[in-house]
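# Understanding the architecture of this molecule
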Amino acid sequence: MSESESLFQRAQQVIPGGVNSPVRAFRAVGGTPPFIRRGAGARLWDEDGREYLDFVGSWGPMILGHGHPAVLAAVEEALRDGLSFGAPTRREVLAAETICGMVPGLEQIRMVNSGTEAVMSALRLARGASGRSRIIKFAGCYHGHSDSMLVKAGSGALTAGSPDSLGVPPEAAKDTLVAEYNDLSSAEALFARFPGEIACVIVEPAAANMGLIPPEPGFLQGLRELCSCHGALLIFDEVITGFRLAPGGAQEYYGVEADLVTYGKIIGGGMPVGAYGGRRELMEQVAPCGGVYQAGTLSGNPIAMAAGLAQLSLLEPALYQRLEELGRRLEEGLLEIVRRRSLGVTIHRAGSLACVFFREGPVRSYRDALRSDVKAFAGWFRRMLEQGIYLAPSQFEAIFLSGAHSEKDVDRFLEAADRAFQG
(Lines give C-alpha, C1' and ligand atoms only; values in the text may rest on other atoms or scores of the structure.)
Protein backbone atom coordinates (compact mmCIF):
# COMPACT_ATOMS: atom_id res chain seq x y z
CA MET A 1 0.00 0.00 0.00
CA SER A 2 1.34 3.42 -0.93
CA GLU A 3 1.75 6.19 1.63
CA SER A 4 -1.03 8.20 -0.06
CA GLU A 5 -3.41 5.22 0.14
CA SER A 6 -2.56 4.74 3.80
CA LEU A 7 -3.10 8.41 4.58
CA PHE A 8 -6.39 8.43 2.67
CA GLN A 9 -7.66 5.47 4.70
CA ARG A 10 -6.70 7.24 7.92
CA ALA A 11 -8.20 10.52 6.74
CA GLN A 12 -11.57 8.92 6.03
CA GLN A 13 -11.83 7.98 9.70
CA VAL A 14 -11.49 11.55 10.97
CA ILE A 15 -12.37 13.84 8.02
CA PRO A 16 -15.64 13.60 6.02
CA GLY A 17 -14.77 11.68 2.86
CA GLY A 18 -11.13 11.94 3.82
CA VAL A 19 -10.82 15.45 2.38
CA ASN A 20 -11.39 19.05 3.44
CA SER A 21 -12.93 20.03 0.09
CA PRO A 22 -15.14 17.61 -1.89
CA VAL A 23 -13.40 17.68 -5.28
CA ARG A 24 -10.15 16.46 -3.73
CA ALA A 25 -11.71 13.05 -3.06
CA PHE A 26 -11.23 11.88 -6.69
CA ARG A 27 -14.77 10.46 -6.73
CA ALA A 28 -15.40 11.93 -10.19
CA VAL A 29 -12.32 10.25 -11.67
CA GLY A 30 -11.70 7.21 -9.45
CA GLY A 31 -8.63 6.17 -7.56
CA THR A 32 -6.84 7.58 -4.53
CA PRO A 33 -5.76 11.22 -4.42
CA PRO A 34 -2.02 11.69 -4.07
CA PHE A 35 -1.20 13.38 -0.76
CA ILE A 36 1.14 16.24 -1.60
CA ARG A 37 4.24 16.77 0.49
CA ARG A 38 5.89 19.74 -1.18
CA GLY A 39 6.00 21.93 -4.27
CA ALA A 40 8.65 23.92 -6.10
CA GLY A 41 8.16 25.92 -9.26
CA ALA A 42 5.83 24.00 -11.58
CA ARG A 43 6.31 20.68 -9.77
CA LEU A 44 4.81 18.76 -6.88
CA TRP A 45 6.01 15.72 -4.94
CA ASP A 46 3.67 13.41 -3.07
CA GLU A 47 4.23 11.44 0.14
CA ASP A 48 5.54 8.51 -1.90
CA GLY A 49 8.20 10.70 -3.54
CA ARG A 50 6.52 10.73 -6.95
CA GLU A 51 7.00 13.90 -8.98
CA TYR A 52 4.22 15.65 -10.90
CA LEU A 53 4.12 18.52 -13.36
CA ASP A 54 1.43 20.71 -11.78
CA PHE A 55 -1.36 22.29 -13.84
CA VAL A 56 -3.62 23.05 -10.86
CA GLY A 57 -1.49 25.55 -8.96
CA SER A 58 -3.56 25.19 -5.77
CA TRP A 59 -6.62 25.97 -7.93
CA GLY A 60 -5.17 29.22 -9.23
CA PRO A 61 -3.20 31.27 -6.70
CA MET A 62 0.25 29.98 -7.65
CA ILE A 63 0.61 32.19 -10.72
CA LEU A 64 4.38 32.42 -10.04
CA GLY A 65 4.71 28.74 -9.22
CA HIS A 66 5.27 27.06 -5.86
CA GLY A 67 7.75 28.43 -3.37
CA HIS A 68 8.75 31.58 -5.24
CA PRO A 69 11.81 32.99 -3.41
CA ALA A 70 10.38 36.52 -3.08
CA VAL A 71 7.11 35.25 -1.62
CA LEU A 72 8.87 32.92 0.81
CA ALA A 73 11.22 35.69 1.93
CA ALA A 74 8.29 38.04 2.58
CA VAL A 75 6.48 35.39 4.60
CA GLU A 76 9.59 34.54 6.63
CA GLU A 77 10.10 38.22 7.45
CA ALA A 78 6.46 38.62 8.50
CA LEU A 79 6.56 35.46 10.61
CA ARG A 80 9.27 36.94 12.79
CA ASP A 81 6.89 39.76 13.73
CA GLY A 82 4.04 37.45 14.78
CA LEU A 83 1.20 35.45 13.21
CA SER A 84 -1.86 37.57 13.96
CA PHE A 85 -2.84 40.61 15.97
CA GLY A 86 -6.54 41.29 15.29
CA ALA A 87 -5.45 44.90 14.85
CA PRO A 88 -4.57 47.19 11.91
CA THR A 89 -1.15 46.66 10.30
CA ARG A 90 0.98 48.44 7.72
CA ARG A 91 0.88 45.43 5.39
CA GLU A 92 -2.90 45.47 4.97
CA VAL A 93 -2.74 49.16 4.01
CA LEU A 94 -0.01 48.44 1.47
CA ALA A 95 -1.98 45.51 0.07
CA ALA A 96 -5.14 47.59 -0.31
CA GLU A 97 -3.21 50.44 -1.95
CA THR A 98 -1.54 48.01 -4.34
CA ILE A 99 -4.76 46.30 -5.40
CA CYS A 100 -6.66 49.55 -5.84
CA GLY A 101 -3.78 50.91 -7.89
CA MET A 102 -3.89 47.94 -10.27
CA VAL A 103 -7.64 47.60 -10.88
CA PRO A 104 -9.65 50.15 -12.90
CA GLY A 105 -12.45 51.79 -10.94
CA LEU A 106 -11.51 50.17 -7.63
CA GLU A 107 -11.33 52.84 -4.92
CA GLN A 108 -11.70 50.88 -1.68
CA ILE A 109 -11.36 47.23 -0.69
CA ARG A 110 -12.14 45.17 2.40
CA MET A 111 -10.04 42.10 3.19
CA VAL A 112 -11.71 38.86 4.27
CA ASN A 113 -10.53 35.25 4.55
CA SER A 114 -12.04 33.36 1.62
CA GLY A 115 -13.78 33.77 -1.71
CA THR A 116 -17.03 32.54 -0.18
CA GLU A 117 -16.85 35.26 2.47
CA ALA A 118 -16.02 37.89 -0.14
CA VAL A 119 -19.06 37.01 -2.25
CA MET A 120 -21.38 36.78 0.76
CA SER A 121 -20.25 40.25 1.87
CA ALA A 122 -20.52 41.81 -1.59
CA LEU A 123 -24.08 40.50 -1.96
CA ARG A 124 -25.05 41.95 1.42
CA LEU A 125 -23.57 45.27 0.39
CA ALA A 126 -25.45 45.22 -2.93
CA ARG A 127 -28.71 44.54 -1.14
CA GLY A 128 -28.02 47.17 1.49
CA ALA A 129 -27.05 49.83 -1.03
CA SER A 130 -29.98 49.17 -3.36
CA GLY A 131 -32.69 48.42 -0.81
CA ARG A 132 -33.64 45.40 -2.92
CA SER A 133 -33.52 41.67 -2.16
CA ARG A 134 -33.33 39.67 -5.38
CA ILE A 135 -30.10 38.72 -7.10
CA ILE A 136 -29.32 37.12 -10.46
CA LYS A 137 -26.63 34.47 -10.84
CA PHE A 138 -25.85 32.20 -13.79
CA ALA A 139 -26.21 28.43 -13.90
CA GLY A 140 -22.83 26.78 -13.51
CA CYS A 141 -21.07 29.83 -12.04
CA TYR A 142 -19.76 28.98 -8.59
CA HIS A 143 -19.62 31.74 -6.00
CA GLY A 144 -18.78 29.85 -2.85
CA HIS A 145 -20.93 27.82 -0.50
CA SER A 146 -23.05 30.47 1.23
CA ASP A 147 -26.73 29.51 1.31
CA SER A 148 -28.04 31.97 -1.29
CA MET A 149 -25.40 30.88 -3.83
CA LEU A 150 -26.00 27.13 -3.61
CA VAL A 151 -28.88 27.11 -6.06
CA LYS A 152 -29.57 25.71 -9.53
CA ALA A 153 -31.93 26.67 -12.34
CA GLY A 154 -34.60 24.14 -11.39
CA SER A 155 -37.41 24.04 -13.93
CA GLY A 156 -35.93 26.78 -16.06
CA ALA A 157 -33.92 29.96 -16.24
CA LEU A 158 -36.87 32.18 -15.37
CA THR A 159 -37.77 30.55 -12.07
CA ALA A 160 -36.54 31.35 -8.60
CA GLY A 161 -33.67 29.21 -7.42
CA SER A 162 -34.11 25.97 -5.50
CA PRO A 163 -31.50 24.80 -2.99
CA ASP A 164 -28.70 22.71 -4.49
CA SER A 165 -27.55 21.32 -1.13
CA LEU A 166 -29.15 19.72 1.87
CA GLY A 167 -29.24 22.07 4.81
CA VAL A 168 -30.15 25.13 2.75
CA PRO A 169 -33.72 26.21 3.58
CA PRO A 170 -35.87 27.21 0.58
CA GLU A 171 -36.30 30.70 2.08
CA ALA A 172 -32.55 31.29 1.79
CA ALA A 173 -32.64 30.65 -1.96
CA LYS A 174 -36.00 32.14 -2.92
CA ASP A 175 -34.53 35.52 -3.88
CA THR A 176 -31.77 34.01 -6.03
CA LEU A 177 -32.77 33.99 -9.71
CA VAL A 178 -30.83 31.86 -12.18
CA ALA A 179 -30.10 32.85 -15.77
CA GLU A 180 -28.08 31.12 -18.50
CA TYR A 181 -24.46 32.13 -18.96
CA ASN A 182 -23.78 33.74 -22.37
CA ASP A 183 -27.53 34.25 -22.86
CA LEU A 184 -28.23 37.93 -22.26
CA SER A 185 -31.93 37.50 -23.04
CA SER A 186 -32.36 35.20 -20.02
CA ALA A 187 -31.15 38.01 -17.72
CA GLU A 188 -33.30 40.56 -19.55
CA ALA A 189 -36.35 38.37 -18.97
CA LEU A 190 -35.67 38.24 -15.24
CA PHE A 191 -35.41 42.03 -15.01
CA ALA A 192 -38.71 42.27 -16.89
CA ARG A 193 -40.36 39.75 -14.59
CA PHE A 194 -39.16 41.39 -11.36
CA PRO A 195 -39.03 45.14 -12.10
CA GLY A 196 -37.41 47.23 -9.36
CA GLU A 197 -36.65 44.14 -7.24
CA ILE A 198 -33.19 43.04 -8.41
CA ALA A 199 -30.28 44.30 -6.33
CA CYS A 200 -27.46 42.91 -8.43
CA VAL A 201 -26.19 40.54 -11.06
CA ILE A 202 -23.20 38.41 -10.04
CA VAL A 203 -21.14 36.59 -12.65
CA GLU A 204 -17.79 34.93 -13.20
CA PRO A 205 -16.62 37.10 -16.11
CA ALA A 206 -14.93 34.02 -17.55
CA ALA A 207 -16.78 31.03 -16.13
CA ALA A 208 -14.11 28.76 -14.64
CA ASN A 209 -16.21 26.40 -12.54
CA MET A 210 -17.96 24.55 -15.35
CA GLY A 211 -14.74 23.81 -17.16
CA LEU A 212 -13.73 27.10 -18.74
CA ILE A 213 -16.28 29.02 -20.77
CA PRO A 214 -15.22 32.51 -21.88
CA PRO A 215 -17.87 35.21 -22.34
CA GLU A 216 -19.15 35.61 -25.87
CA PRO A 217 -18.68 39.04 -27.49
CA GLY A 218 -21.15 41.53 -26.05
CA PHE A 219 -22.30 39.37 -23.12
CA LEU A 220 -20.48 41.22 -20.32
CA GLN A 221 -21.08 44.59 -22.00
CA GLY A 222 -24.77 43.70 -22.19
CA LEU A 223 -24.89 42.89 -18.49
CA ARG A 224 -23.25 46.22 -17.72
CA GLU A 225 -25.86 48.09 -19.74
CA LEU A 226 -28.70 46.03 -18.29
CA CYS A 227 -27.65 46.75 -14.70
CA SER A 228 -27.15 50.45 -15.38
CA CYS A 229 -30.57 50.68 -17.02
CA HIS A 230 -32.39 48.98 -14.12
CA GLY A 231 -30.45 50.51 -11.23
CA ALA A 232 -28.86 47.20 -10.22
CA LEU A 233 -25.22 46.60 -9.33
CA LEU A 234 -22.94 44.42 -11.46
CA ILE A 235 -20.65 42.15 -9.41
CA PHE A 236 -17.70 40.40 -11.03
CA ASP A 237 -16.60 37.33 -9.09
CA GLU A 238 -12.88 37.45 -9.88
CA VAL A 239 -11.74 34.95 -7.27
CA ILE A 240 -10.19 33.00 -10.17
CA THR A 241 -9.78 35.59 -12.94
CA GLY A 242 -8.56 38.42 -10.71
CA PHE A 243 -4.89 39.25 -11.54
CA ARG A 244 -4.69 36.08 -13.64
CA LEU A 245 -6.01 37.35 -16.98
CA ALA A 246 -4.38 40.78 -16.63
CA PRO A 247 -3.02 43.09 -13.90
CA GLY A 248 -6.52 44.62 -13.74
CA GLY A 249 -8.24 41.24 -13.95
CA ALA A 250 -11.18 40.50 -16.21
CA GLN A 251 -12.30 44.12 -16.07
CA GLU A 252 -9.14 45.11 -17.92
CA TYR A 253 -9.02 41.96 -20.08
CA TYR A 254 -12.58 42.33 -21.37
CA GLY A 255 -12.92 46.11 -21.06
CA VAL A 256 -15.98 46.09 -18.79
CA GLU A 257 -16.16 47.81 -15.40
CA ALA A 258 -18.17 46.24 -12.59
CA ASP A 259 -19.61 48.02 -9.55
CA LEU A 260 -18.25 45.50 -7.06
CA VAL A 261 -15.53 42.86 -7.47
CA THR A 262 -14.61 39.86 -5.33
CA TYR A 263 -11.10 38.44 -5.06
CA GLY A 264 -9.17 35.54 -3.57
CA LYS A 265 -6.45 33.16 -4.75
CA ILE A 266 -3.66 35.31 -6.19
CA ILE A 267 -3.96 38.22 -3.74
CA GLY A 268 -2.83 35.89 -0.94
CA GLY A 269 0.10 34.27 -2.73
CA GLY A 270 -1.15 30.85 -1.59
CA MET A 271 -2.33 31.89 1.88
CA PRO A 272 -6.08 31.84 2.75
CA VAL A 273 -7.53 35.21 1.73
CA GLY A 274 -10.43 36.98 0.06
CA ALA A 275 -11.50 40.55 -0.59
CA TYR A 276 -14.30 42.63 -2.06
CA GLY A 277 -14.17 46.18 -3.33
CA GLY A 278 -15.64 48.89 -5.49
CA ARG A 279 -16.34 52.59 -5.65
CA ARG A 280 -15.85 54.63 -2.49
CA GLU A 281 -19.54 55.59 -2.30
CA LEU A 282 -20.49 51.91 -2.15
CA MET A 283 -17.74 50.65 0.12
CA GLU A 284 -18.32 53.40 2.69
CA GLN A 285 -21.73 51.85 3.33
CA VAL A 286 -19.86 49.00 5.06
CA ALA A 287 -19.40 49.19 8.86
CA PRO A 288 -17.97 51.13 10.59
CA CYS A 289 -18.74 53.85 8.02
CA GLY A 290 -22.25 52.63 7.16
CA GLY A 291 -25.00 50.25 8.14
CA VAL A 292 -23.94 47.13 6.18
CA TYR A 293 -22.26 44.93 8.78
CA GLN A 294 -19.33 42.65 8.04
CA ALA A 295 -16.44 41.68 10.29
CA GLY A 296 -13.64 39.14 10.64
CA THR A 297 -11.13 38.59 13.42
CA LEU A 298 -8.39 37.32 11.11
CA SER A 299 -9.16 39.56 8.13
CA GLY A 300 -6.06 41.23 6.71
CA ASN A 301 -3.86 38.61 8.36
CA PRO A 302 -0.29 39.93 8.24
CA ILE A 303 1.19 36.71 6.85
CA ALA A 304 -1.37 36.53 4.04
CA MET A 305 -0.84 40.22 3.28
CA ALA A 306 2.92 39.75 3.12
CA ALA A 307 2.62 36.81 0.71
CA GLY A 308 0.09 38.62 -1.44
CA LEU A 309 2.08 41.84 -1.58
CA ALA A 310 5.21 40.01 -2.67
CA GLN A 311 3.34 38.18 -5.41
CA LEU A 312 1.41 41.22 -6.66
CA SER A 313 4.65 43.19 -6.95
CA LEU A 314 5.92 40.66 -9.50
CA LEU A 315 2.86 40.70 -11.78
CA GLU A 316 4.48 42.71 -14.56
CA PRO A 317 3.48 42.95 -18.26
CA ALA A 318 6.26 40.54 -19.26
CA LEU A 319 4.71 37.83 -17.07
CA TYR A 320 1.31 38.16 -18.74
CA GLN A 321 2.91 38.13 -22.16
CA ARG A 322 4.71 34.93 -21.24
CA LEU A 323 1.54 33.37 -19.83
CA GLU A 324 -0.33 34.26 -23.03
CA GLU A 325 2.41 32.65 -25.13
CA LEU A 326 2.35 29.49 -23.01
CA GLY A 327 -1.45 29.41 -23.16
CA ARG A 328 -1.42 29.77 -26.94
CA ARG A 329 1.18 27.00 -27.25
CA LEU A 330 -0.99 24.70 -25.12
CA GLU A 331 -4.17 25.55 -27.01
CA GLU A 332 -2.68 25.19 -30.47
CA GLY A 333 -1.00 21.91 -29.53
CA LEU A 334 -4.24 20.45 -28.18
CA LEU A 335 -6.20 21.61 -31.24
CA GLU A 336 -3.65 19.91 -33.51
CA ILE A 337 -4.02 16.65 -31.58
CA VAL A 338 -7.82 16.88 -31.75
CA ARG A 339 -7.68 17.57 -35.50
CA ARG A 340 -5.16 14.81 -36.24
CA ARG A 341 -7.04 12.20 -34.24
CA SER A 342 -10.53 13.44 -35.30
CA LEU A 343 -11.60 13.59 -31.65
CA GLY A 344 -14.99 14.81 -30.47
CA VAL A 345 -13.29 17.16 -28.02
CA THR A 346 -13.55 20.93 -27.58
CA ILE A 347 -10.69 23.15 -26.37
CA HIS A 348 -11.29 26.46 -24.60
CA ARG A 349 -8.74 29.01 -23.40
CA ALA A 350 -8.63 32.46 -21.84
CA GLY A 351 -5.09 33.66 -21.14
CA SER A 352 -3.44 31.15 -18.79
CA LEU A 353 -6.68 29.23 -18.18
CA ALA A 354 -7.76 26.33 -20.38
CA CYS A 355 -10.13 23.37 -20.51
CA VAL A 356 -10.53 20.14 -22.46
CA PHE A 357 -14.24 19.36 -22.88
CA PHE A 358 -14.98 15.76 -23.81
CA ARG A 359 -17.75 16.68 -26.22
CA GLU A 360 -18.05 18.41 -29.56
CA GLY A 361 -18.68 22.15 -29.48
CA PRO A 362 -20.02 24.63 -29.09
CA VAL A 363 -19.79 24.80 -25.30
CA ARG A 364 -21.20 28.16 -24.29
CA SER A 365 -23.24 27.42 -21.14
CA TYR A 366 -23.61 25.10 -18.17
CA ARG A 367 -26.22 23.15 -20.08
CA ASP A 368 -23.68 22.52 -22.83
CA ALA A 369 -20.91 21.61 -20.37
CA LEU A 370 -23.12 19.02 -18.66
CA ARG A 371 -23.31 17.09 -21.93
CA SER A 372 -19.59 16.28 -21.65
CA ASP A 373 -18.54 12.64 -21.42
CA VAL A 374 -17.33 12.58 -17.82
CA LYS A 375 -16.32 8.91 -18.04
CA ALA A 376 -14.08 9.65 -21.00
CA PHE A 377 -12.57 12.58 -19.08
CA ALA A 378 -11.97 10.35 -16.04
CA GLY A 379 -10.02 7.83 -18.14
CA TRP A 380 -7.97 10.59 -19.78
CA PHE A 381 -7.30 12.15 -16.36
CA ARG A 382 -6.01 8.88 -14.90
CA ARG A 383 -3.74 8.29 -17.90
CA MET A 384 -2.37 11.82 -17.54
CA LEU A 385 -1.74 11.28 -13.83
CA GLU A 386 0.09 8.03 -14.58
CA GLN A 387 2.44 10.07 -16.78
CA GLY A 388 3.07 12.56 -13.98
CA ILE A 389 0.71 15.31 -15.17
CA TYR A 390 -1.30 16.69 -12.24
CA LEU A 391 -4.71 18.08 -13.27
CA ALA A 392 -7.88 19.04 -11.44
CA PRO A 393 -9.88 15.79 -10.93
CA SER A 394 -13.05 17.03 -12.62
CA GLN A 395 -14.29 17.75 -16.12
CA PHE A 396 -15.70 20.99 -14.76
CA GLU A 397 -12.46 22.61 -13.57
CA ALA A 398 -9.79 24.56 -15.42
CA ILE A 399 -6.16 23.95 -16.34
CA PHE A 400 -3.87 26.58 -14.76
CA LEU A 401 -0.55 27.72 -16.19
CA SER A 402 2.05 29.62 -14.19
CA GLY A 403 5.13 31.69 -14.79
CA ALA A 404 7.16 28.74 -13.53
CA HIS A 405 6.10 26.57 -16.49
CA SER A 406 8.43 26.39 -19.46
CA GLU A 407 7.83 25.66 -23.13
CA LYS A 408 9.26 22.19 -22.45
CA ASP A 409 6.69 21.68 -19.69
CA VAL A 410 3.87 22.54 -22.07
CA ASP A 411 5.33 20.21 -24.69
CA ARG A 412 5.52 17.43 -22.10
CA PHE A 413 1.84 18.05 -21.30
CA LEU A 414 0.97 17.79 -25.00
CA GLU A 415 2.95 14.58 -25.48
CA ALA A 416 1.22 13.04 -22.47
CA ALA A 417 -2.19 14.27 -23.67
CA ASP A 418 -1.63 12.70 -27.08
CA ARG A 419 -0.85 9.33 -25.50
CA ALA A 420 -3.75 9.68 -23.03
CA PHE A 421 -6.23 10.32 -25.87
CA GLN A 422 -5.17 6.98 -27.36
CA GLY A 423 -6.65 5.19 -24.35
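Residues numbered from 1 in each chain as written. Predicted model: local features only at pLDDT ≥ 70, side-chain atom pairs only at ≥ 80, totals over all residues. Heavy atoms only, no water.

## Observations concerning the overall build of the protein chain
The number of helices and strands found in the protein chain is 14 helices and 16 strands. At 21 Å, the protein chain has a C-alpha radius of gyration in line with the 22 Å of a compact globule built from 423 residues. In terms of its C-alpha atoms, the protein chain occupies a principal-axis envelope of roughly 55 × 55 × 45 Å. Counting only carbon and sulfur atoms, one obtains 50% of the accessible surface of the protein chain, whose full area is about 17,800 Å². (Helix = DSSP H or I, 4+ residues; strand = E, 2+ residues; numbered from the N terminus. Rg over C-alpha atoms; globule rule 2.2 N^0.38 Å. Areas by Shrake-Rupley, 256 points an atom, 1.4 Å probe, with all protein chains shown as cover.)

## Topic: the environment of Pro104
Within the element layout of this structure, Pro104 appears in the loop between helix 3 (90–102) and strand 4 (108–112). Assessed through its relative accessible area of 34%, Pro104 is described here as partly exposed. Apart from residues no more than four positions distant in its own chain, Pro104 is found in contact with Gly248, Gln251, Glu252 and Glu257. (Buried < 20%, exposed > 50% of the residue type's maximum accessible area, 1.4 Å probe, protein only. Contact = heavy atoms within 4.5 Å.)

## Describing the pairing of strand 10 (residues 233–237)
Counting buried residues in strand 10 gives five out of five residues, a clear majority hidden from the surface. Burial of strand 10 is two-sided: the residues Leu233, Ile235 and Asp237 facing one way and the residues Leu234 and Phe236 facing the other way are all buried. Sheet topology places strand 9 (residues 198–203) next to strand 10; four bridges connect them, and they run parallel. Residue pairing for strand 10: Val203 is matched across the bridge by Phe236. Following the backbone out of strand 9, through helix 7 (residues 219–230) and into the adjacent parallel strand 10, one traces a crossover that is right-handed. Inspection of the sheet shows strand 10 paired to strand 11 (residues 260–263) by three bridges, in the parallel sense. The residue of strand 11 that forms the bridge with Ile235 is Leu260. (Pairing = 2+ DSSP bridges. Right-handed = clockwise from strand over helix to strand, strands pointing away.)

## Regarding helix 2 (residues 69–81)
Here helix 2 spans 19 Å end to end across 13 residues, near enough to the 18 Å set by a 1.5 Å rise per residue. Every buried residue belonging to helix 2 is among Val71, Ala74, Val75 and Ala78, and all of these are buried. All buried residues of helix 2 lie within an arc of 100° about the axis, which places them on one face of the element. Among the exposed residues of helix 2, those oriented more than 90 degrees off its buried face are Pro69 and Arg80. Each element contacted by the buried residues of helix 2 is listed here: helix 3 and helix 10 (302–312). Just beyond helix 2, the residue with positive phi is Gly82, at close to 125°. (Expected span 1.5 Å × (residues − 1). Arc of directions from axis to C-beta.)

## Structural notes on the packing of helix 3 against helix 10
As a packed pair, helix 3 and helix 10 sit with axes 9 Å apart at the nearest point and diverge in direction by 35°. The way helix 3 lies across helix 10 gives a crossing that is left-handed. From helix 3, Arg91, Glu92, Leu94, Ala95, Thr98, Ile99 and Met102 reach across to helix 10, where they touch Pro302, Met305, Ala306, Leu309 and Leu312. Residues that form the contact of helix 3 with helix 10 fall into these classes: nine nonpolar, one polar and two charged. (Axes fitted to C-alpha atoms, helices over the stretch in contact; angles between N-to-C directions. Left-handed = near helix turned anticlockwise from the far one by under 90°. Nonpolar A, V, L, I, M, F, W, Y, C, P; charged D, E, K, R; others polar.)

## Let's talk about the pairing of strand 2 (residues 43–46)
Bridge analysis of strand 1 (residues 36–40) against strand 2 gives four bridges, and the strand direction is antiparallel. Residue pairing across strands places Gly39 opposite Leu44, the latter belonging to strand 2. Where strand 1 hands over to strand 2, the hairpin turn is made up of two residues, of which Gly41 adopts a positive phi near 60°. Relative to strand 3 (residues 51–54), strand 2 runs antiparallel, the two being bridged by three bridges.

## Notes on the packing of helix 13 (residues 374–386) against helix 14 (residues 407–422)
It is at 9 Å that the axes of helix 13 and helix 14 come closest, and there the two elements cross at 130°. For the element pair helix 13 / helix 14, the angle class is oblique. In the crossing of helix 13 with helix 14, the sense of the turn from one axis to the other is right-handed. Contacts between helix 13 and helix 14 involve Trp380, Arg383 and Met384 on the former and, on the latter, Phe413, Ala416, Ala417, Ala420 and Phe421. Looking at the contact of helix 13 with helix 14 residue by residue, the class counts come to seven nonpolar, no polar and one charged. (Parallel < 35°, antiparallel > 145°, perpendicular 65-115°, else oblique.)

## Looking at the sheet that holds strand 14 (residues 353–357)
One open sheet accounts for three strands, arranged 13-14-16; its pairing is antiparallel. Whereas interior strands pair on both sides, the edge strands pair on one side only; in this sheet they are strand 13 (346–350) and strand 16 (399–400). Where helix 11 (residues 317–341) meets the sheet, it contacts strand 13, strand 14 and strand 16, and its direction lies at approximately 175° from that of strand 13.

## What about the pattern of salt bridges?
Side-chain pairing between opposite charges can occur once the charged atoms of the two side chains come close. Tallying each qualifying case throughout the model produces 21 salt bridges. Between Asp418 and Arg341 there is a salt bridge, with the nearest N and O atoms lying 2.6 Å from each other. Pair noted here: Asp418 is in helix 14 and Arg341 is in helix 11, with a separation of 77 residues, a long-range link. On the accessibility criterion, Arg341 (29% relative accessible area) is partly exposed. Linked by salt bridges that have partners in common, Arg134, Lys174, Asp175 and Glu197 make up one network. (Salt bridge = Lys/Arg side-chain N within 4 Å of Asp/Glu carboxyl O.)

## Side note on the packing of aromatic side chains
The description of two aromatic rings rests on the distance between their centres and on the angle between their planes. Per the counting criterion, the structure on display carries 15 aromatic pairs. Pairing Phe138 with Phe219 gives two aromatic rings, centres 5.5 Å apart and planes at 75°, and the pair type is edge-to-face. Highlighted residues: Phe138 in strand 5 (residues 134–138) and Phe219 in helix 7, separated in sequence by 81 residues. Classification of Phe138 as buried rests on a relative accessible area of 0%. On the accessibility criterion, Phe219 (3% relative accessible area) is buried. Considering the side-chain rings of Tyr181 and Phe219, the 5.1 Å spacing of their centres and the 65° angle between planes classify their relative orientation as edge-to-face. Highlighted residues: Tyr181 in the loop between strand 8 (176–179) and helix 6 (184–193) and Phe219 in helix 7, separated in sequence by 38 residues. For the pair formed by Tyr181 and Phe219, the shared burial category is buried. Ring pairs connect the aromatic residues Phe26, Phe358, Phe377, Trp380, Phe381 and Phe421, which therefore count as one cluster. (Phe/Tyr/Trp six-rings, centres within 6.5 Å; stacked < 30°, edge-to-face > 60°.)

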